Amino acid sequence: MTSGLTHLGAQGEANMVDVGDKVETTRTAIAEGFVAMQPETLKTILAGNAKKGDVLGTARIAGIMAAKKTHELIPLCHPLLLTKVSVDIEPDHALPGLKVTALARVTGKTGVEMEALTAASVACLTIYDMAKAVDRAMVISGIRLVEKTGGKSGAYKAGA
């Protein structure tokens with residue numbers, strides 16, 4: 001292993017980590033992201049008046065579907081039998097915009113951080129796609145892991 005990075009082999013080549021000898025534990029990850037927009041755009045979305053339809057419902061489903069396909073999008077991720085994925089979207093009038101929170105859970109040998117991050121990212125992208133006709137200046141930001149539990153490395157909480 002080079003530099004302590006688990007996805008690099010002895011010669012620096014990319015490889016998929018062997019998790020075969022790891023113990024199965026329940027692992028949970030929570031990620032978040034934000035979509036900043038004009039106040040009128042937020043009003044349009046919350047009123048359900050976007051031309052493309054239900055922005056929040058579509059973004060929620062897109063995030064869940066994305067979590068299930070993470071291993072197809074991120075080259076060295078293991079395919080996981082997710083036991084739970086949820087995507088919550090809340091208005092943040094101070095932003096103004098929307099806060100996306102994604103949770104992924106599995107009982108397995110590897111973590112679900114990438115699944116939670118993928119869900120949050122794709123939900124934010126879907127919000128942008130569905131509202132871009134009204135506001136092309138929307139900004140997606142703050143995609144990050146908020147919390148994780150389970151596994152050999154233990155718990156993590158952002159800012160702690």
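Structural data are supplied above this passage.
Values in this document were obtained by computation on a predicted structure and should not be read as measured data.

Side note on the pattern of salt bridges
Considering all chains together, one arrives at seven salt bridges under this definition. With a closest N to O distance of 2.4 Å, Lys132 and Asp129 form a salt bridge. Taking the relative accessible area as the measure of exposure, Lys132 reaches 23% and is therefore partly exposed. Shared partners join several salt bridges into a network, and the residues in it are Glu32, Lys99 and Arg144.

Details of the side chain of Thr70
Of note, Thr70 is situated in helix H3 (residues 70–73). Accessibility expressed as a relative area gives 1% for Thr70, which makes it buried. There is a polar contact of 3.0 Å between the side chain of Thr70 and the backbone oxygen of Ala67. The residues touching Thr70, leaving out its near neighbours within four places in the chain, are Cys77, Met114, Glu115 and Thr118.

What about unusual backbone geometry?
The phi torsion of most residues other than glycine is negative, and most of the peptide bonds are trans. In this structure, the amide linkage connecting Leu95 to the following residue, Pro96, adopts the cis form with an omega of -20 degrees. In this fold, Pro96 is placed in the loop between strand E2 (84–92) and strand E3 (97–108).

Observations concerning the pairing of strand E4 (residues 139–149)
In terms of strand pairing, strand E1 (residues 25–36) meets E4 through eight bridges, oriented antiparallel. Counted as the bridge partner of Ile30 is Glu147 from E4. The pairing of E4 with strand E5 (residues 156–157) spans two bridges and is classified as antiparallel. Its bridge partner being in E5, Lys148 is matched across the sheet by Tyr156. What sits between E4 and E5 in their antiparallel hairpin is a turn of six residues, with Gly150 showing a positive phi close to 90 degrees.

Topic: empty space enclosed by the protein
All told, the structure shown has one cavity of 30 Å³ or more when counted by the stated rule. Roughly 50 Å³ of internal volume is contained in the largest cavity. The wall of the largest cavity is formed by Ala67, Lys68, Lys69, Thr70, His71, His78, Pro79, Leu80, Leu82 and Glu115. For the lining of the largest cavity, the elements supplying multiple residues, two or more each, are helix H2 (55–68) and H3. For the lining of the largest cavity, the per-class residue count stands at four nonpolar, three polar and three charged.

Remarks on helix H1 (residues 39–47)
Along H1, the positions that sit buried rather than exposed are Thr41, Leu42 and Ile45. Each buried residue of H1 lies within a common arc of 100 degrees when the element is viewed along its axis, so the set occupies one face. Exposed residues lying more than 90 degrees from the buried face of H1 are Glu40 and Lys43. On its buried face, H1 sits against H2, E2, E3 and helix H4 (113–131).

Rules used in this analysis
Residues numbered from 1 in each chain as written. Predicted model: local features only at pLDDT ≥ 70, side-chain atom pairs only at ≥ 80, totals over all residues. Heavy atoms only, no water. Salt bridge = Lys/Arg side-chain N within 4 Å of Asp/Glu carboxyl O. Buried < 20%, exposed > 50% of the residue type's maximum accessible area, 1.4 Å probe, protein only. Helix = DSSP H or I, 4+ residues; strand = E, 2+ residues; numbered from the N terminus. Polar contact = N/O pair within 3.5 Å; in protein donor to acceptor, adjacent residues only side chain to side chain. Contact = heavy atoms within 4.5 Å. Pairing = 2+ DSSP bridges. 1 Å grid on protein atoms, 1.4 Å probe; cavity = no way out; pocket = protein on both sides within 12 Å on 5 of 7 lines; lining within 4 Å. Points joined across faces, edges and corners; volume = space filled by probe spheres on them. Nonpolar A, V, L, I, M, F, W, Y, C, P; charged D, E, K, R; others polar. Arc of directions from axis to C-beta.

Interpretation in functional terms is not warranted from these geometric data alone.
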